[in-house]
Each structure stands twice: as structure tokens, then as C-alpha cells.
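Residues per chain, in single letters:
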Amino acid sequence: MLGTVLARYLRGRGEEVIGWDLPEHDVTQVDKTINGIHRVRPEVVFHLAAVTDVDGCEKDQGKATSVNFQGTWAVALGAEEIGCKLVYMSTDYVFDGQSRRPYREKDETEPLSVYGRSKLMGEKAVVRACRRRFIVRTSWLYGPHGRNFVDTIRMLAREKDRLEVVGDQVGSPTYTQDLCEPLYELAGSVKYDTYHMTNSGQCSWYELAREVVEVVGADSRVIPIDTGKSGRPAPRPVFSVLENRNLHKRFGRQLRPWQEALRDYLGETPAT
Ligand SMILES: NC(=O)c1ccc[n+]([C@@H]2O[C@H](COP(=O)([O-])OP(=O)(O)OC[C@H]3O[C@@H](n4cnc5c(N)ncnc54)[C@H](OP(=O)(O)O)[C@@H]3O)[C@@H](O)[C@H]2O)c1
């Protein structure tokens, strides 16, 4: 999702972009990945590749670790060897959800799931291997070019008159398009650090689903259910709102409210 949108944005800014993806480029092929970075010699590597199926990671821990940790380590080594900048996308799922306020960048991490642990290992690999690095944690992504919660609800709302959605997990839905400009600005700077980057505000999955149903004008009734009833294998934090503290402090930036971004997305993107 994010890779396609970011590549288009960067090209629109006049940047040359070389996009890597499976099957031609597999980050778990360590030597090929490092050699590839040597060959291309980019100014910046945006490392977005990951296994992002949170429930799937519980079933295949080996794949999660190999892509999200070892693959990230290879990318970080390659970036360090040629002295370029690295932007690594990470996740709100590095936190355990027990905080009573939005998480700050320096708060203690304690992932609950295999996915969260593998992404945190990726963060640590980046810190160890690469000096010119930005770690960017985001959350609840949606946008074109990939499966996501917003599209699923939009589709189901056309087919079903009743939708059950988890109401006891709270986070910040984030539109991939809204990350592009701040990521570009970040990568153009030398303010190396960890950043939280999400649309502002917070809601539960249930509240997000209600908003989607309302914006698309569907009649479905949305019913909140507890996480325990969702039958999902991966544990998720009950609260994973990220305070975008460093982004605000260093760049004076705050992303727009999630409701506004959602309306733009649903208005601009035809339902599939
Ligand atoms: N989605 C979210 O809600 C969310 C939230 C927080 C953080 N993030 C992070 O943000 C980043 C972008 O997320 P996204 O939702 O845009 O991800 P996405 O749509 O799942 O895209 C990830 C890409 O990585 C590719 N990939 C998987 N294994 C690979 C490998 N071994 N080598 C090279 N490429 C590989 C995938 O290819 P295939 O499709 O062929 O597998 C896919 O094209 C990820 O790092 C993710 O962890 C996402």
C-alpha cells in the first residue's frame, strides 16, 4: 500500500525512484539486497517491505522474523555501507497497549504479537547497523493498492445489513497519502531519530467502521464486539495511539484528523 503511493508522490516531486518488490527483489536474500543497494547507490532507502499480515505472522513466525528482522538488517547494512539515509517504517504494535496516554517515541516497547516483535527486532537492527536512520512508527494504514480495513468495511457494507466490529481496541487510522509529504521532508533532513506519524485523533475499529458506513451512505448496522469474540489469533494492544511528538517538535507538523482523511479517501477512490 504505502510503497506505491509514496513512489508516485516522490516522482511527482521530481525525484528518481527505483521501486523494489517481490518476486524480483526479496530482502531475505541478504547478499543480493546489499549488492543491489551498492549498485543503485540511492540517496535514501525507504524500507517499507514487510510481512504485514498480523494474524498470519502468529502462524509463521519464521517468515515474520526472516523478512521483518533479517531482511531489515540486510537493508540497513547496505544503506550503512554506501553511507545513504534509511527510513524504516515500523508500527504501533511494538507497544503493549497498557498506557493511559498516547505513546511517545521514547516509551518502553513491549510487543504482544509475533508481528510486533519482528518489527521491533527490525527497529533494533536498524539502530545497530545504520547511523543515518529514521524509524517511523505508524498505525492502522489504509489507502489504495492493498487490502485494508476501510476497503473491507466499504465492501461488506454493500453486502450485509449487520457488521460486527471490535470496539475495545483504540488507535489512529492513517491514510497512506498523508504520510508522503512528512516522510519526504524527514528524508530530506538530518534529524535522525524515531518518529511517530499518524493522522490525529483516535477511535476504535467499531467507530472507524461506523464512520465508513456513514460516509458511503450504507444502511448496515455496526455492532461493537469484544476482542475476545473476534476470533483473531494475534493479540493486539487495546490502546495504541501514538503521540506525534518528535514530528511536531522538530518539523512543526501535525497530520490532519483521521475523519477528514477518511472522507477524502472514500470520496476520491471508487469502491472495488
Ligand atoms: N498496514 C498497516 O496498518 C501498518 C501499520 C503500521 C506499520 N506498517 C508498516 O508500514 C510498512 C508498509 O505497510 P503496508 O501496509 O503498505 O504494507 P503492504 O501493503 O503489506 O506492503 C508490503 C510489501 O512488502 C512486500 N514484501 C513482503 N515480503 C517481502 C520480501 N521478503 N522482500 C521484499 N518485499 C517483500 C510485500 O509483497 P507481497 O504483497 O507480494 O507479499 C508488499 O508488497 C510496513 O513496513 C508495515 O510493517 C503498516
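This text gives an overview of the structure that appears in the document. (Residues numbered from 1 in each chain as written. Predicted model: local features only at pLDDT ≥ 70, side-chain atom pairs only at ≥ 80, totals over all residues. Heavy atoms only, no water.)

1. Topic: a nonpolar patch on the surface
Move 1: Side chains of Ile18, Trp20 and Val40 sit close together on the surface and give an oily, nonpolar patch of about 240 Å² of accessible area.
Move 2: Here Val40 shows up in helix H2 (residues 30-40). (Patch = residues over 30% accessible without salt bridge, like charges linked within 9 Å, V, L, I, M, F, W, Y side chains within 5 Å. Areas by Shrake-Rupley, 256 points an atom, 1.4 Å probe, with all protein chains shown as cover. Salt bridge = Lys/Arg side-chain N within 4 Å of Asp/Glu carboxyl O. Helix = DSSP H or I, 4+ residues; strand = E, 2+ residues; numbered from the N terminus.)

2. Considerations on the sheet that holds strand S3 (residues 133-138)
Move 1: Taken in spatial order, the four strands make up an open sheet running S1-S2-S3-S8, and their pairing is parallel. The strands lining the two open edges of the sheet, one partner per strand, are strand S1 (44-47) and strand S8 (193-196). In this sheet, neighbouring strand axes are inclined to one another by 20° on average, regardless of whether the strands run parallel or antiparallel.
Move 2: Strands in contact with helix H5 (residues 114-129) are strand S2 (85-91) and S3; relative to S2, the strand with the most contacts, it is inclined by about 160°. (Pairing = 2+ DSSP bridges. Axes fitted to C-alpha atoms, helices over the stretch in contact; angles between N-to-C directions. Contact = heavy atoms within 4.5 Å.)

3. A word on the site of the ligand
Move 1: As a structural note, the neighbourhood of the ligand is formed by 22 residues, with Met1, Leu2, Thr52, Tyr115 and Lys119 the closest of them.
Move 2: Here an oxygen atom of the ligand and a backbone polar atom of Ala50 are 3.2 Å apart.
Move 3: For the ligand, whose free accessible area comes to 900 Å², the fraction covered by protein is 76%.
Move 4: Every element with two or more residues in the shell around the ligand is listed here: S2 and H5.
Move 5: No other element matches S2, which puts three residues into the shell around the ligand. (Near = heavy atom within 4 Å. Polar contact = N/O pair within 3.5 Å; in protein donor to acceptor, adjacent residues only side chain to side chain.)

4. Here's the deal with the pattern of salt bridges
Move 1: Inspection of the entire model under this criterion finds 16 salt bridges.
Move 2: The partner of Glu123 in a salt bridge is Arg137, with the nearest N and O atoms 2.8 Å apart. Here Glu123 is found in helix H5, whereas its partner Arg137 is found in strand S3, with 14 residues between them in sequence. The exposure classification of Glu123 matches that of Arg137, with both residues buried.
Move 3: Note that Arg253 and Glu185 form a salt bridge whose closest N and O atoms lie 2.5 Å from each other. Of this pair, Arg253 sits in the loop between helix H9 (245-251) and helix H10 (258-268) while Glu185 sits in helix H7 (residues 176-187), and the two are 68 residues apart along the sequence. (Buried < 20%, exposed > 50% of the residue type's maximum accessible area, 1.4 Å probe, protein only.)

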